[in-house]
Amino acid sequence: MDKEQDKKLNLWNIVGLGLGGAIGTGIFVLLGYGIGYTGRSIVPVVIIGCFFMLLAYWYNLAMPLMFILEGGDYSMKTMLFNPLMTGVSAWMTIINAFALSSYAIALTSYLCIVFPALLPHSTLCSFVLMTLFFLTTIKGSRFVTILENVVTIVLIVALALFVVFGITKVDFTNFFSPTADGGFFRGGFSGFVNAIAVMGWACQGTTMAPVSMAAVTKNPKKTIPVAIIIITVLLAITYGLMSYVAGGVLPYEQIAGANLSVTAGVIFPRALYLFFVVGGGIGAIASSLFGGLAMFRYPLMHIAEDGWLPAVFKKTTKSGYPYLTYIVFYLISVFPILTGMQLDSAVSLVMIPMMLMNLYINLVCMKLPNAYPKQWEKRSIKMSKGFYYVCCVLGAFCAGVVAYNLFKTLVLKDAITCIVIIVLLLGLSIWRLKIGAVKKEDLEKRKEKIIKAALAAEE
């Protein structure tokens, strides 16, 4: 028994894993868009944004305080959702393909730096890349774990070099001036909030890896919440330093809406610049795209098996590859590319319904202390009910603010697409439940099973 316990992950194992997962492509891709909204006040934006997004995912911190949920996010949502919201969550998984398109678009932008001849063919390049990455899923991707570890090391080195080389080139005396180029709070309060909303994609990863590790973590009720808080603090410091360099070296006009390679080109000698672009930018984005495609395989299969998709989508090849489900996933992922959608809009189409869902979940969390009084008494971090309820409400508010501000920045056609997506998420869920393709009794049985397992884990 002791040997088995020794194999489990401790606090710093979880912190390392979570921080590696949280520092991802979002900072490479979206920092320029955040600067576009708020100028050099991008520094407080990303620092506040990390804690803002922690609140937006409050349920990922609140539930591990009370329960040991080996199924992570899936188990949490099953416990909290009614049948309709379970369906919305299932369809939301498919809509995540929009976010994958942002990786292909970003990857093209970095490839164009190394191969400028690709620039006039950016749309075609993004389409081809998306297609090639999907084709790799046919044979599976067992090498992804090794690839992720290598890329994480390269990524951390690239970001550390970016800060070390760039920090001395920032004009500190003028950085906080509202009148100097770029300006602090350039877009006023609304620009500041818009920047937080846009940077939400980069700042949101602090809770996701830790909550998925409950089954292999020592004392998960204490370790996971504490690790999430530590990861959030470390991410805020890392992003703050990066934003200081990205927002302070070049004039606003050169960096607004641009990726980090623009600043990297000024602060690095040629060899390190290429290392940053290839090892940091291209490597991180490609790794995230591989990881995303691998991560969604089994959830997509479960969605088909549970009946949310028509029965034909259960079909697989002899090796178990769910080819029809992946075809749908692929078609959704190339839609933003072929329609010329901006990268931040593609991200928003995923973030807006996701944040609306988080708004709902955070409010539902308010019922947990009274529904499970024994688990509330055994919570790992002591807080009053009043404080807990305030955090639930603030979490819902933060998620709502992100959704609203992302929506209002969309152009008309993307705003219409977003509304259509939300209506489809609800409509398809209602339809599958109404025709009996998904049975409410089966969903309730699954919920009871997960609750029973969570309560038994503490015995």
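A. Here's a closer look at the packing of helix α6 (residues 72–80) against helix α25 (residues 440–456). Contact geometry of α6 with α25 gives a least axis separation of 9 Å together with a crossing angle of 120°. Classed by the angle they form, the pair α6 and α25 counts as oblique. Like other packed secondary-structure pairs, α6 and α25 cross with a definite hand, here left-handed. Contact residues: Tyr74, Ser75, Thr78 and Met79 in α6; Arg446, Lys447, Ile450 and Ile451 in α25. Classifying every residue of the contact of α6 with α25 gives 4 nonpolar, 2 polar and 2 charged.

B. Fine view of α6. In terms of burial, α6 is a largely internal element, 7 of the 9 residues being buried. Regarding α6, the residues found buried are Gly72, Ser75, Met76, Lys77, Thr78, Met79 and Leu80.

C. View of the environment of Gly281. Following the sequence through the fold, Gly281 ends up in helix α17 (residues 270–295). Separated by 21 residues in sequence, Gly281 and Leu260 place their C-alpha atoms 8.3 Å apart. In contact with Gly281, other than residues within four places in its own chain, are Phe28, Tyr110 and Phe276.

D. Up close: the environment of Pro269. Its place among the elements puts Pro269 in the loop between α16 (261–267) and α17. As for Pro269 and Phe165, which are separated by 104 residues in sequence, their C-alpha atoms are 9.7 Å apart.

E. Molecular detail of the confidence of the model for the chain. Scored by pLDDT, the chain has a mean of 84; 93% of the residues are at 70 or more. For the chain, helix α1 (residues 2–6) is the element with the lowest average pLDDT, namely 44, and helix α23 (residues 385–408) is the one with the highest, namely 94. Taken together, the stretch residues 141–145 has pLDDT below 50 and engages in 4 contacts with residues farther than four places along the chain or on a different chain.

F. Spotlight on unusual backbone geometry. Even without glycine at this site, Phe185 takes up a positive phi of about 55°. Residue placement: Phe185 occurs in the loop between α11 (172–175) and α12 (188–203). On the accessibility criterion, Phe185 (38% relative accessible area) is partly exposed. Backbone geometry places Asn219, a non-glycine residue, at a positive phi of 45°.

G. Representation of the environment of Gly248 within the structure. Residue placement: Gly248 occurs in helix α14 (residues 220–248). Those residues within four positions of Gly248 in sequence are excluded, and the remaining contacts are Arg40, Lys169, Val170, Asp171 and Phe175.

H. Local environment of the packing of helix α20 (residues 343–364) against α23. Between α20 and α23, the shortest axis-to-axis distance is 8 Å and the interhelical angle comes to 160°. Between α20 and α23, the crossing angle belongs to the class labelled roughly antiparallel. α20 and α23 meet at a crossing whose hand is left-handed. Mapping the contact onto sequence places Ser348, Met351, Ile352, Met355, Leu356, Asn358, Leu359, Asn362 and Leu363 in α20 and Cys392, Gly395, Ala396, Ala399, Gly400, Val402, Ala403, Leu406 and Phe407 in α23. When the residues that make up the contact of α20 with α23 are grouped by side-chain class, the tally is 13 nonpolar, 5 polar and no charged.

Reading the values: the criteria
Residues numbered from 1 in each chain as written. Predicted model: local features only at pLDDT ≥ 70, side-chain atom pairs only at ≥ 80, totals over all residues. Heavy atoms only, no water. Axes fitted to C-alpha atoms, helices over the stretch in contact; angles between N-to-C directions. Helix = DSSP H or I, 4+ residues; strand = E, 2+ residues; numbered from the N terminus. Parallel < 35°, antiparallel > 145°, perpendicular 65-115°, else oblique. Left-handed = near helix turned anticlockwise from the far one by under 90°. Contact = heavy atoms within 4.5 Å. Nonpolar A, V, L, I, M, F, W, Y, C, P; charged D, E, K, R; others polar. Buried < 20%, exposed > 50% of the residue type's maximum accessible area, 1.4 Å probe, protein only. pLDDT = per-residue confidence, 0-100.

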